[in-house]
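# Summary of structural features
Take a look at the letters that make up each chain.
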Amino acid sequence: MLNYSLKRFVYMLITIWVIVTLTFFLMHMIPGDPFTSEKKVPEQIRQNMLAKYHLDKPLIVQYGYYLNNLIHGDLGISLKYLNRTVDDIIKQSAPASFQLGIQSIILGVIFGLLFGIIAALKRGGGWDYFSMFLAIIGISVPNFIIATLLQLLLASKLRWLPVSGWGSFKYTILPSIALSFSTLSIISRMMRTSMLDVIGQDYIKTAKAKGLSQLQIIWKHMVRNAIMPVVTVLGPLIAGIVTGTFVIEQIFSIPGLGKFFVQSIYDEDYSMILGTTIFYSVILVVMMFLVDIAYGLIDPRVRLAKGGK
Amino acid sequence: MGDREVLLDVQNLEYSFDTYAGEVKAVRDVSFQVMKGESLAIVGESGCGKSVTMQAVMRLNPEPPGRFKAGKIIFDGREISKFSERQMQSIRGSEIGMIFQDPMTSLNPTMTIGKQIAEVILKHQKVSKAEAMKRAKEMLDVVGIPNADRRINQYPHEFSGGMRQRAMIAIALACRPKLLIADEPTTALDVTIQAQILDLMKDLQREFNTSIIMITHDLGVVADIAERIIVMYAGKIIETGTSDEIFKHPQHPYTWGLLKSVPRLDAQNKEKLVPIVGTPPDLFAPPVGCPFAARCNYAMKICYEAQPEYTNETDSHKVACWLKHPYAPKVKNPFEKEAYTSEG
Amino acid sequence: MVDISKDKFEIIGANASESQSIVRPSISYWQDAWRRLKMNKVAMASLVFLIFLVLMAIFGPYMRPFDYAHQDLFNTNKPFSKVHWFGTDYLGRDLFVRVWMGARVSLFIGVTIAFLDAVIGVTYGGIAGYFGGQVDNIMMRIVDILYGIPYLILVILLMVVMGQGLWTIITAMVMTGWVGMARIVRGQVLQLKEQEFVLAAKTLGASPGRIILRHLIPNALGPIIVSMTFDVPNAIFSEAFLSYIGLGIRAPLASWGTLANDATQVLLMYPMQLFIPGFFISVTMLAFNMLGDGLRDALDPRLRR
Ligand SMILES: Nc1ncnc2c1ncn2[C@@H]1O[C@H](COP(=O)(O)OP(=O)(O)O)[C@@H](O)[C@H]1O
Ligand code: SF4
Ligand SMILES: [Mg+2]
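Residues numbered from 1 in each chain as written. Chains lettered and ligands numbered in written order. Predicted model: local features only at pLDDT ≥ 70, side-chain atom pairs only at ≥ 80, totals over all residues. Heavy atoms only, no water.

### Some points on the overall build of chain A
- Within chain A, the regular secondary structure consists of 12 helices and 0 strands.
- Counting from the amino terminus, helix and strand elements in chain A follow one another as α-α-α-α-α-α-α-α-α-α-α-α.
- Dimensions of chain A, computed from C-alpha atoms along their principal axes, come out at roughly 80 × 60 × 30 Å.
- Each of the 309 residues in chain A was classed as buried or not, and the buried ones make up 54%.
- Long-range pairs, those at least 24 residues apart, make up 69% of the contacts in chain A with a sequence separation of at least 6.
- Accessible surface for chain A amounts to roughly 14100 Å². Of this, 68% is attributable to carbon and sulfur atoms. (Helix = DSSP H or I, 4+ residues; strand = E, 2+ residues; numbered from the N terminus. Buried < 20%, exposed > 50% of the residue type's maximum accessible area, 1.4 Å probe, protein only. Contact = heavy atoms within 4.5 Å. Areas by Shrake-Rupley, 256 points an atom, 1.4 Å probe, with all protein chains shown as cover.)

### Description of the overall build of chain B
- When helices and strands are counted, chain B shows 12 helices and 12 strands.
- Compactness check: chain B gives a C-alpha radius of gyration of 21 Å against a globular reference of 20 Å for 344 residues, within 12% of the reference.
- Dimensions along the principal axes, computed over C-alpha positions, put chain B at roughly 70 × 45 × 40 Å.
- The buried share of chain B, taken over its 344 residues, is 57%.
- Once local pairs closer than 6 in sequence are excluded, the contacts in chain B between residues at least 24 apart make up 65%.
- A total of about 14600 Å² of accessible surface is found on chain B, and carbon and sulfur atoms cover 51% of it.
- Taking the average location of the 42 positive side-chain charges in chain B and that of its 43 negative ones, the two points are 3 Å from each other. (Rg over C-alpha atoms; globule rule 2.2 N^0.38 Å. Lys, Arg positive; Asp, Glu negative; His and termini not counted. Charge placed at Lys NZ, Arg CZ, Asp CG, Glu CD.)

### Some remarks on the interface of chain B and chain A
- Residue-level contacts link 31 residues of chain B with 23 residues of chain A.
- For the pair chain B and chain A, the summed buried surface comes to about 2200 Å²; carbon and sulfur atoms form 55% of the total.
- Counting the contacts that link chain B with chain A gives 2 salt bridges.
- Linking K210 of chain A and E119 of chain B is a salt bridge whose minimum nitrogen-to-oxygen distance equals 2.7 Å. (Buried area = accessible area lost by both parts, 1.4 Å probe. Salt bridge = Lys/Arg side-chain N within 4 Å of Asp/Glu carboxyl O.)

### Overview of the interface of chain A and chain C
- Across the boundary between the two partners, chain A contributes 42 residues, which contact 37 residues of chain C.
- At the junction of chain A with chain C, the criterion picks out 1 salt bridge.
- One salt bridge in this structure joins R189 of chain A and D293 of chain C, with 3.6 Å as the shortest N-O distance.
- Summed over the shared surface of chain A and chain C, the number is 2 residue pairs in polar contact (both at pLDDT 80 or more).
- Here the residues of the side of chain A that touches chain C sort into 30 nonpolar, 10 polar and 2 charged. (Polar contact = N/O pair within 3.5 Å; in protein donor to acceptor, adjacent residues only side chain to side chain. Nonpolar A, V, L, I, M, F, W, Y, C, P; charged D, E, K, R; others polar.)

### Regarding the site of ligand 2
- Taken together, 13 residues sit near ligand 2, with C290, C296, C303, C321 and W322 of chain B positioned nearest.
- In the shell around ligand 2, the residues fall into 12 nonpolar, 1 polar and no charged. (Near = heavy atom within 4 Å.)

### A look at the sheet that holds strand β4 (residues 66-75) of chain B
- On the basis of which strands lie adjacent, the open sheet formed by 4 strands has the order β2-β1-β4-β5 (chain B) and antiparallel pairing. The open sheet has two free edges, formed respectively by β2 (22-35) and β5 (78-79) of chain B, since each of these has just one partner strand. (Pairing = 2+ DSSP bridges.)

### Topic: the packing of aromatic side chains
- Tallying each qualifying case throughout the model produces 27 aromatic pairs over all chains.
- The interplanar angle of 55° and the centroid separation of 4.5 Å between the aromatic rings of Y233 of chain B and Y254 of chain B together place this pair among those described as tilted. Of the two residues, Y233 of chain B is situated in strand β9 (residues 228-233) and Y254 of chain B in helix α10 (residues 253-261); the sequence distance between them amounts to 21 residues.
- Taken together, F49, F52, F96, W100, W256, F279 and F280 of chain C form an aromatic cluster joined through their ring pairs. (Phe/Tyr/Trp six-rings, centres within 6.5 Å; stacked < 30°, edge-to-face > 60°.)

### Things to note about the UniProt feature "transmembrane region" (unreviewed entry) in chain A
All names here are of chain A.
- Following the UniProt record, one finds the feature "transmembrane region" (unreviewed entry) at residues 9-30, 100-121, 133-156, 168-187, 226-252 and 272-298.
- As a span, residues 100-121 carries 100% helix and 0% strand, and end to end its C-alpha atoms are 31 Å apart.
- Across residues 272-298, the secondary structure splits into 100% helix and 0% strand, with the terminal C-alpha atoms separated by 39 Å. (UniProt positions renumbered as here; feature names shortened; annotations may be inferred.)

### With respect to the nonpolar core
- Core analysis: the largest hydrophobic core is formed by 133 residues, its most contacted members being F144 and F246 of chain A together with I156, L242, I245 and L274 of chain C.
- For I156 of chain C, the residues in contact, after removing those within four places along its chain, are F246, F261 and I265 of chain A together with L242, I245 and L247 of chain C.
- Ranked by size, the runner-up nonpolar core spans 114 residues in total, among them V24, A56, L107 and A174 of chain B. (Core = buried A, V, L, I, M, F, W, Y, C linked by side-chain atoms within 4.5 Å.)

### A look at the pattern of salt bridges
All names here are of chain B.
- Tallying each qualifying case throughout the model produces 32 salt bridges over all chains.
- K36 is the salt-bridge partner of E5, the closest N and O atoms lying 3.3 Å from each other. Taken together, the residues E5 in the segment before β1 (6-19) and K36 in the loop between β2 and β3 (39-43) connect sequence positions 31 residues apart.
- Judged by its relative accessible area of 52%, E5 is exposed.
- The partner of K50 in a salt bridge is E184, with the nearest N and O atoms 3.9 Å apart. With K50 in helix α1 (residues 50-58) and E184 in the loop between β7 (179-183) and α7 (191-208), the pair connects residues that are 134 residues apart, well separated along the chain.

### Re the UniProt feature "domain: ABC transmembrane type-1" (unreviewed entry) in chain A
- Under the present numbering, the feature "domain: ABC transmembrane type-1" (unreviewed entry) in UniProt falls on residues 94-295 of chain A.
- The distance separating the terminal C-alpha atoms of residues 94-295 of chain A is 27 Å; by composition the span is 85% helix and 0% strand.

### Regarding the environment of V122 of chain C
All names here are of chain C.
- Along the chain, V122 turns up in helix α3 (residues 95-131).
- Using a relative accessible area of 14% as the deciding quantity, one classes V122 as buried.
- C-alpha separation for the pair V122 and M181, spaced 59 residues apart in sequence, amounts to 6.6 Å.

### Observations concerning the site of ligand 1
All names here are of chain B.
- Around ligand 1, a shell composed of F17, T19, A26, E45, S46, G47, C48, G49, K50, S51, V52 and L283 is seen.
- Contact distances for ligand 1 include 2.6 Å between an oxygen atom and a backbone N or O atom of G47.
- One of the side-chain nitrogen or oxygen atoms of S51 is found 2.5 Å away from an oxygen atom of ligand 1.
- The protein chains hide 66% of the 560 Å² of surface that ligand 1 would expose on its own.

### Some points on the packing of helix α1 (residues 2-27) of chain A against helix α5 (residues 151-162) of chain C
- Where α1 of chain A contacts α5 of chain C, the axes come no closer than 10 Å and their chain directions differ by 15°. Accordingly, the angle class assigned to the pair α1 of chain A and α5 of chain C is roughly parallel. Taken as a pair, α1 of chain A and α5 of chain C cross one another with a handedness that is left-handed. Facing L22, T23 and L26 of chain A of α1 of chain A, the residues of α5 of chain C in contact are L154, L157, L158 and V161 of chain C.
- Residues of the contact of α1 of chain A with α5 of chain C, tallied by class, amount to 6 nonpolar, 1 polar and no charged. (Axes fitted to C-alpha atoms, helices over the stretch in contact; angles between N-to-C directions. Parallel < 35°, antiparallel > 145°, perpendicular 65-115°, else oblique. Left-handed = near helix turned anticlockwise from the far one by under 90°.)

### Topic: the sheet that holds strand β11 (residues 310-312) of chain B
All names here are of chain B.
- The 8 strands are arranged β6-β7-β8-β3-β9-β10-β12-β11 in an open sheet whose pairing can be described as mixed. Each of the sheet's edge strands pairs with one partner strand only, and the pair in question is β6 (96-99) and β11. Strand-to-strand twist in this sheet, taken as the mean axis angle between neighbours without regard to direction, amounts to 20°.
- By the bridge criterion, 4 bridges tie β3 to β9 in an arrangement that is parallel. Its bridge partner being in β9, L40 is matched across the sheet by R228.
- Docked against the sheet, α7 engages β3, β7 and β8 (211-216), running at close to 160° with respect to β8.

### What about the environment of Y15 of chain B?
All names here are of chain B.
- Considering the arrangement of structural elements, one finds Y15 in strand β1.
- Its relative accessible area of 1% is what places Y15 among the buried residues.
- Taking the C-alpha atoms as reference points, Y15 and K25, separated by 10 residues in sequence, lie 6.4 Å from one another.
- Not counting residues within four places of it along the chain, the set of residues in contact with Y15 comprises V24, K25, A26, V27, V52, A56, N61, E63, G66, R67, F68 and K69.

### Some words on the pairing of β2 of chain B
Residues and elements named next belong to chain B.
- Judged from the 10 bridges that link them, β1 and β2 form a sheet pairing that is antiparallel. Within β2, the residue paired with V10 across the bridge is F32.
- Where β1 hands over to β2, the hairpin turn is made up of 2 residues, counted between the paired strands.

### Some thoughts on the side chain of R28 of chain B
- Among the secondary structure elements, R28 of chain B is positioned in strand β2.
- Of the side chains bearing the opposite charge, E14 of chain B lies closest to the buried R28 of chain B, which forms no salt bridge; the N-O distance is 7.3 Å.

Here it is in structure tokens:
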């Protein structure tokens, strides 16, 4: 396990390094320096910026400074809001996105697993069709459509929940549901398949032959084994939720990082775009790392692989 | 066997599967008994209903698609075919233990061996978790797994095939059941390991005085473990007798075919192995006559038209074949010749 | 009851006519796959729908006398009518024509990306799998790392740097999208290359390129086609997402995603403008996914459940 984790960790570091380097050189492919692309930067500030970011030095030296800045968490200054650093904006807006993301993941994973388990146990029943229907919606309808539909129906028409904005918990309900939708449907579908697979395994027959009750068999022998393949897709699903916040925050006017990010694309605020990209990438790569470790922890075949004991 | 008590009595069992393609009549009118302390073998080609028969006794098959159509199963004086699922749960694992064919897939890959053994103890006996683990460890000793202290915390993938089957035996015997059903326990193992597992089962049977039902498609395996043998074909029992009767005086052409097609550990003559040509009939629509007719070299017109009745050769030896009918021509029994001329 | 007369006891032996062996005509892999696919009603319906979609993408824009880019500020946000079958958008452009122009762009993007992903992925995976050993090791480590980079984020970054447009979006998505295919092909090649026909070709002195192209890839075609079928909707989906956040195709060209983005301007008043492209995206996604499922079942019987 130690070996495995270490290997994953090294991979994570390399991936982050590749992303950062890629970002740096991509940034320098934009004609001119990042501060000339928008005419609204006053000359004085521009000079300061150039000096501060050493943009007058050779590329490789700049790369060094850039890495150094990154390690110290300095992502640069927003070109739109010249008095604010990208770090500031992230610090201020990330918590809303974070809350939204966490709520959606929890919602998606818990209900996804639940629906999948029930659908498999009651194969061919109403629940099975319901979860199949959810899965079809989940893979085919883009989340911005689902979000808009929920907003128009539950908020504008029925007035059960606020249309948009951010504040108390009730503001988070619709966006969380919209954001978790595809995760929920994919997990429920995978869990269903995986459960059906496990139900047919010989060790379930062994468990039954031991005299265990149906509930004991489901809980101790089926779910634990069936969850394994689902964990492996958790990484991409989390990535989907994170990128999903870009549109969901836009639609529900949530002052989160996703909204700022998309706005910065409209505004061509390059330093904001690049800083945020790195921030997102690092978060996601770390998440994937954690998912890998979690997988290792629940699967003894990985946990005990060579060097584990 | 006469003076021993009956432990399991299966009467006219019929078991089917309702699939989208129709009813699979997997077990058709099967009756047999197992005595206390006896070891019985059920043999036949794969797909002939051996596993389904025993799973019907334990009611392990999900229903649907499985369906208990008819019959009575009496175990230790109780009619368990009338039991509720909950009552069955108290029998499974405690009074009847079962071992399956493939030790690679029969153990839960994400649970330690110790927990898997302790689980069955905890289910049926009022003991603490620690006590259950202690007994699990003792069971590992009993089935001949060394280093039980360490082994108990390992996962199935850390065990070899033979070790896993030993662990399965430990699970099946942990609650000292009266009956052990072993469904092809050695089929998936190497030949040398097979012999070890068979020896272990024989030893444990003597030690615990358990009755054993051993399912196998390999007559060689049962030769020295079974007292009595049931030969099944296409969901029916076509011949049954003591081990001696089946090996020395087999009466049914299918049994002859089986004996010729398996290498026998005890056979002195190095006769060529002759596989039985063809495949067992479709159980969706079993033939009206003798199910073996299409593959039987001795088949007569009547064989295609009606099922043969059972004929008693001796008290213990029964066979279902039209060759036993008084009208039938006398055919040379290839095994009688061997038994009386070459050895006698 | 059956009458048991003496004459019925004459040995006639194993009966061939009663014997249940039905001789099946041996049909080729592809014929067999096609036969299986045809039995899958959902997959066939999806296929028919997709053919319809392609035809409409080709001919739809000519069915109405409007230009997809023509603005008519006197006729903005019109509802469905005899003139404008799907109404008009906030700039007065005919939505029926724009939806089918959008279909052209979205399908073109989806198919092109799936094709390019396949070309790169098959080449890369084929080489890694065929040579194995250290070559494979290094090549797959690179793939692992690329695989770890969040796909959409990288695409967004590339789009920002390269500027918007049809080909940038395709380039950006292909640059990151081929790794999945590379993994699949490598796995297939690793399995296949030990088989006899490949060893035979090797002994006969065929070059690696020839073996990969003539022997390995054709035998791995099933999984490759299935993977491509899933690639198309994924690309359409990603493109719609990018266009929706303003990073897609440049106006006046439109994909379904751009149409959805345009609709956000007037969403609360005219939600239909969002739901029309949304509907087409959804149904297309569904059709491709169902067809992909069907193809997987048909082409890879081992994976059938
Ligand atoms: N769950 C099931 N559904 C349908 N048919 C089944 C099922 N289980 C077993 N069968 C059929 O029952 C017959 C007997 O199977 P089985 O008892 O497993 O044979 P064996 O003698 O090899 O143990 C076979 O023809 C098999 O196809
Ligand atoms: S009944 Fe007829 S067909 Fe069946 S085994 Fe006997 S001789 Fe052969
Ligand atoms: Mg069996």
